[in-house]
Amino acid sequence: MKVHILLGPPGSGKGTQAKRLVQQFSLIHLSTGDILRDAVSKETEIGLRAKAIMASGKLVDDQTVNGLVFARLQNETQDVLFDGYPRTLQQAEALEDFLSAKGFVLGLVMNVEVPDGVLEARVVGRRVCSNNACGAIYHVETKPPKQDGVCDLCGSPLKHRSDDTAEAFRSRMDEFDSTFQPLLGFYRGRDTYRAVDGNRAPDMVFETLSRTFKEHA
Ligand SMILES: [Zn+2]
């Protein structure tokens, strides 16, 4: 059994790419969120612990996340694609130990790279329909509504969310980088590490990812 990892910053489109990759290559798609929800709904011991941590408003710690992931991997026979895991250096190190103890193999580690400036422009130009039942999303440059500030679908005013300002973006990005850079350092320079240019049309990014997969996985 091989474990492949897809890395990338929030907003890089890696979740969508992961879904297409698992379809094309018959992989198991594992995201930490899904594993967490599954364990909570099955009320496993570790699932209940995670539930209690989340209920207290805290972030689930590395050890608990690792425990959930390893329990899920334990008896897996099909190759796996991780999306959103490992998220920290500590998780990556623990995964490495788990894989070698089980005789599983670390396959490709693909990093979808998008420059910060591009991610910031995507976020800052985003406008969302103020009608929650509609929820349509626009972008002032790449997907403007027909009439300025008005939703094409339901006619409600569009709004600029407070999360979508440059300041909010920067603070999220700084926080992300502080854990992501050490994680990247752990994988970069390995034979199976591949950086992929994510600053292109999604179909082109997918083409590169799937070719990389075909050649190296
Ligand atoms: Zn609308």
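Analysis parameters
The residue count restarts for each chain, going from 1 along the sequence in the order it is written. Thresholds applied to this predicted model are a pLDDT of at least 70 for local features of residues and 80 or more for the giving and counting of side-chain atom pairs; totals over whole chains, interfaces and linings are not thresholded and use all residues. Excluding hydrogens and water, the side-chain values take into account all heavy atoms of the structure. Donor atoms are limited to N, O and S found within 2.8 Å of the metal ion, a distance that becomes 3.2 Å for Na, K and Ca. With water left out, some sites might look partial. Irregular is the label for any site that misses the other tests, which are tetrahedral for four donors with all angles between 85 and 135 degrees, and square planar for four donors or octahedral for six when opposite donors exceed 155 degrees and the remaining angles lie between 65 and 115. Each helix is a run of DSSP H or I of at least 4 residues and each strand a run of E of at least 2, with the numbering of both proceeding from the N terminus. Exposure is judged per residue with a 1.4 Å probe applied to protein chains only, and the accessible area is read against the type maximum: over 50% gives exposed, under 20% gives buried, and values in between give partly exposed. By the convention used here, residues are in contact when the closest approach between their heavy atoms is within 4.5 Å. Strands were regarded as paired on the criterion that DSSP finds at least two bridges between them. Here an angle of 0 to 180 degrees is reported between the N-to-C directions of two axes, which are lines fitted to C-alpha atoms, with helices fitted over the stretch in contact. Working definition: a ring pair exists when centres of Phe, Tyr or Trp rings (six-membered ring for Trp) sit within 6.5 Å. Plane angles under 30 degrees give stacked, over 60 give edge-to-face, the rest tilted. The rule for a charge over a ring is simple: NZ of Lys or CZ of Arg within 6 Å of the ring centre, and within 35 degrees of the ring normal.

Within the protein, the zinc ion binds to Cys-129 (SG), Cys-134 (SG), Cys-151 (SG) and Cys-154 (SG); these donor distances fall in the range 2.3 to 2.4 Å. Note that the zinc ion binds four donor atoms; their angles at the metal cover 96 to 114°, and the shape is tetrahedral. Each donor residue of the zinc ion belongs to the same chain, with the gaps between them written as C-x4-C-x16-C-x2-C. Taken together, the positions of Cys-134 in the loop between strand E5 (126–129) and strand E6 (137–139) and Cys-151 in the loop between E6 and strand E7 (158–159) put the pair 17 residues apart, joining distant regions of the chain. Note on Cys-134: relative accessible area 27%, which makes it partly exposed.

Take Gly-11: it is sitting in the loop between strand E1 (2–7) and helix H1 (14–25). Remark: the alpha-carbon pair of Gly-11 and Val-114, spanning 103 residues in sequence, is separated by 8.7 Å. Apart from residues lying up to four places away in sequence, Gly-11 is in contact with Leu-119 and Arg-122.

Attention shifts here to unusual backbone geometry. The omega torsion across Tyr-85 and Pro-86 is -10°, close enough to zero to call that bond cis. In this fold, Pro-86 is placed in the loop between strand E3 (80–83) and helix H5 (89–102). A positive phi angle, near 50°, is found at Ser-26, a position not held by glycine. Of note, Ser-26 is situated in the loop between H1 and strand E2 (28–31).

With respect to topology, three strands assemble into an open sheet ordered E6-E5-E7, the strand pairing being antiparallel. Sheet topology places E6 and E7 at the edges, where each strand pairs with a single neighbour. Judged from the two bridges that link them, E5 and E7 form a sheet pairing that is antiparallel. When the sheet's bridge partners are listed, Cys-129 is paired in E7 with Leu-158.

The strand order across the open sheet built from five strands is E2-E3-E1-E4-E8, with neighbouring strands paired in parallel fashion. Bordering the open sheet on either side are E2 and strand E8 (193–197), each of which pairs with just one other strand. Sheet twist, expressed as the mean angle between neighbouring strand axes with direction ignored, is 25°. Pairing analysis gives five bridges linking E1 to strand E4 (residues 105–113), with the strands arranged parallel. Counterpart to Ile-5 in the pairing with E4 is Val-109. Lying on the sheet, H1 is in contact with E1, E2, E3 and E4; it crosses E3 at an angle near 170°.

The next point concerns the side chain of Ser-156. Within the secondary structure layout, Ser-156 lies in the loop between E6 and E7. Of the residues examined, Ser-156 reaches a relative accessible area of 15% and is grouped as buried. With residues near it in sequence (within four places) discarded, Ser-156 still touches Cys-129, Ser-130, Asn-131, Gly-149, Val-150 and Cys-151.

Right, let's get into the packing of aromatic side chains. The final tally for this structure, using the stated rule, is six aromatic pairs. Arranged with centres 5.1 Å apart and planes meeting at 80°, the rings of Phe-186 and Tyr-187 form a pair that is edge-to-face. A cation sits over an aromatic face here: Arg-20 above Phe-206, 4.1 Å from the ring centre. If you follow Arg-190 out to its NZ or CZ, it ends over the ring of Phe-186, 4.6 Å from the centre.

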